[in-house]
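Observations on chain architecture
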Amino acid sequence: MIQLHLEKVRKWFTEEHEKRLAPLAEFAYGELQNRDRDAFGKGWMSWPVDHHESLYADIDKIASDFRAKSNVTVVIGIGGSYLGARSVLSMVQPEFTREGKHEVIFAGQQLSPTYHAHLLKYLDSREVTLVVVSKSGTTLEPSAVFHTFRDYLEKRYGEAEASARICAITDAQKGSLRAYADEKKYATLPIPDDIGGRYSVLSAVGLLPMALAGVDYRKVMQGAANMRDQLAKVAITANPAVQYALARHVLYQQGFVAEALVTYEPRVADFAGWWQQLFGESQGKDGIGLYPTMLQYTTDLHSMGQYVQDSRKVLVETVLDAFIDDAPELKVPVGLDEKNRYLENVSFHKLQEVAVESVMIAHSEAGVPNIRIEARGDAESLYGELVYFFEVACAFGGYLLGINAFDQPGVEAYKSEMRARLQK
Ligand code: PA5
């Protein structure tokens, strides 16, 4: 269940703004729903309710083969081919609950020589399988890391067995990874043509890592489908994804520079990383767009909290107030010193709730607009709901800004610079 709360932003985003923006919102929503417009980037919109039984069968088969053969799978990818999978695994199987489970380790999300050398050493005492994820098949980081790890597997297991331990998730027809995977007879799974990297977590890109980790991905898909239904049923004036996008649009127009997704649960922090890429790559173009950043409270209240409260008022906070009720109740025991008696017998749930409320009051009264997204439910469905909610908000927000939310031309510049230097 997701609910949007705008009370602490009403000073900046008024009903008057909503009225004034209504025609633009209607237009932008129409553009979003128009499947011929930017069709190449909109496959994610109906994906949660499309028919995927044969894809699920392939995913389940590969996952069960790999789980039987290995106790670690290294998943190689970057950007949209990595952040979603990482975020869902963190949220659905939090820290301290992974012992004895099939391990999924990410690689190729950077070029660190030490990270990859240490990982290869770590793998020596384990049984290993490999998943390489790249829609284009040409991205430098995963490509370099994949060939290094493929080489490692071939030396360790021999070429034929190494090939049986590798799965490539890439375009169904084109690209050099597709050609290479076919030649080597790897297991493969497709990334649909009309779903871009950062919108792809509910495709095989996220579903295979979930299946490998033993996560019930059908529940995640159901969560996304439920959110799709919920958004489709309401008028746009009552559509929470639309309202969220409108609020941040108005704040951007008023001169706010950055938006922080604030999380309170460590297991949700990686979701903020997925959200950051979604908005950063989709809307940060043509010299416009809010800079998406993330804060993890209450930890960061003791570092960045000072800046947020007292410094320049350039920041909007969007509080992802997620409560996943799958842990036993924990209370502060009695026997504290005199000063802290008010904490006795208070549950951590209550403490967290009071922290969210208090911080929102303190920050909004100091001039920091606060949007709250209340999210409750089991981790799998909630993850699916949140993904769909933010994808709609982001793509719709792109039409409000008049930019294309499905391309990322700016990412090319550093790549060509690197290529030129390496070719010298
Ligand atoms: O959202 C995007 O399209 C990008 O972040 C890509 O996912 C990222 O650049 C990786 O691309 P590829 O999957 O082609 O290796």
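Residues numbered from 1 in each chain as written. Predicted model: local features only at pLDDT ≥ 70, side-chain atom pairs only at ≥ 80, totals over all residues. Heavy atoms only, no water.

- Naming follows an unreviewed UniProt entry, where the protein appears as Glucose-6-phosphate isomerase of Alicyclobacillus hesperidum.
- UniProt's Sequence similarities (unreviewed entry) comment on the protein is quoted here verbatim: "Belongs to the GPI family."
- The heading Pathway (unreviewed entry) in the UniProt record of the protein holds the text "Carbohydrate degradation; glycolysis; D-glyceraldehyde 3-phosphate and glycerone phosphate from D-glucose: step 2/4." (UniProt positions renumbered as here; feature names shortened; annotations may be inferred.)

Observations regarding empty space enclosed by the protein
- According to the stated counting rule, one finds 2 cavities of 30 Å³ or more in the structure shown.
- If you add up the space inside the largest cavity, you get close to 80 Å³.
- What lines the largest cavity is simply Ala245, Arg248, His249, Tyr252, Gln283, Gly289, Leu290, Gly397, Leu400 and Leu401.
- Among the elements of the structure, α10 (240–253) and α14 (379–401) are those that each provide at least two residues to the lining of the largest cavity.
- A total of 4 residues in the lining of the largest cavity trace back to one element, the largest contributor, which is α10.
- In the lining of the largest cavity, the residues fall into 5 nonpolar, 4 polar and 1 charged.
- Considering only enclosed or pocket space, the second largest cavity measures out at about 30 Å³ in volume.
- Considering the residues around the second largest cavity, the lining is formed by Trp44, Trp47, Ile195, Tyr199, Leu202, Ser203 and Glu391.
- Classifying every residue of the lining of the second largest cavity by side-chain character gives 5 nonpolar, 1 polar and 1 charged. (1 Å grid on protein atoms, 1.4 Å probe; cavity = no way out; pocket = protein on both sides within 12 Å on 5 of 7 lines; lining within 4 Å. Points joined across faces, edges and corners; volume = space filled by probe spheres on them. Helix = DSSP H or I, 4+ residues; strand = E, 2+ residues; numbered from the N terminus. Nonpolar A, V, L, I, M, F, W, Y, C, P; charged D, E, K, R; others polar.)

Details of the pairing of strand β8 (residues 291–296)
- Of the pairings in the sheet, the one linking strand β7 (residues 258–263) to β8 comprises 6 bridges and is parallel in character. Within β8, the position partnered with valine 262 by the bridge is leucine 295.
- Handedness of the crossover joining β7 and β8 through helix α11 (residues 266–283): right-handed. (Pairing = 2+ DSSP bridges. Right-handed = clockwise from strand over helix to strand, strands pointing away.)

Section: the environment of leucine 119
- With respect to the helices and strands, leucine 119 occurs in helix α4 (residues 113–123).
- Judged by relative accessible area, leucine 119 falls into the buried class, the value being 6%.
- Spatially, the C-alpha atom of leucine 119 lies 54 Å from that of glutamate 15, the residues being 104 residues apart in sequence.
- Leave out the neighbours within four places in its chain, and leucine 119 touches Val74, Ile105, Phe106, Ala107 and Phe149. (Buried < 20%, exposed > 50% of the residue type's maximum accessible area, 1.4 Å probe, protein only. Contact = heavy atoms within 4.5 Å.)

Some words on the sheet that holds strand β2 (residues 72–76)
- Spatially, 5 strands are ordered β3-β2-β4-β5-β6 in an open sheet, and the strand pairing comes out parallel. The strands lining the two open edges of the sheet, one partner per strand, are β3 (103–107) and β6 (187–191). If you compare each strand with its neighbour and ignore which way they point, the axes differ by 20° on average.
- Sitting on the sheet, helix α2 (residues 53–69) is in contact with β4 (128–133), β5 (166–171) and β6, with an inclination near 140° to β6. (Axes fitted to C-alpha atoms, helices over the stretch in contact; angles between N-to-C directions.)

Let's talk about the site of the ligand
- Near the ligand there are 13 residues, and of these Ser81, Ser134, Ser136, Thr139 and Gln277 occur at the shortest range.
- One of the side-chain nitrogen or oxygen atoms of serine 134 is found 2.6 Å away from an oxygen atom of the ligand.
- Within the side chain of serine 136, an N or O atom sits 2.6 Å from an oxygen atom of the ligand.
- Burial of the ligand by the protein amounts to 90% of the accessible area it has alone, namely 380 Å².
- Taken atom by atom, the bulk of the ligand overlaps the second largest pocket.
- Looking at the shell around the ligand, its residues break down into 1 nonpolar, 9 polar and 3 charged. (Near = heavy atom within 4 Å. Polar contact = N/O pair within 3.5 Å; in protein donor to acceptor, adjacent residues only side chain to side chain. Areas by Shrake-Rupley, 256 points an atom, 1.4 Å probe, with all protein chains shown as cover. Sits in = over half its atoms within 2 Å of the grid points.)

What about the layout of surface pockets?
- Taken as a whole, the largest pocket encloses approximately 1,200 Å³ of empty space.
- For the largest pocket, the lining is made up of 39 residues, of which Pro94, Glu95, Glu265, Pro266 and Arg267 are closest to its centre.
- Mapped onto the lining of the largest pocket, the elements with two or more residues apiece are α3 (83–92), β3, α11, β9 (315–324) and α13 (348–365).
- Per-element tally for the lining of the largest pocket: the top contributor is α13, with 5 residues.
- Grouping the amino acids of the lining of the largest pocket by side-chain chemistry returns 18 nonpolar, 10 polar and 11 charged.
- When its volume is computed, the second largest pocket comes out at roughly 710 Å³.
- Together, 30 residues line the second largest pocket, and Lys135, Ser136, Thr139, Gly197 and Gln408 are the ones closest to its centre.
- In terms of residues, the lining of the second largest pocket owes the most to one element, helix α15 (residues 412–423), which gives 3 residues.

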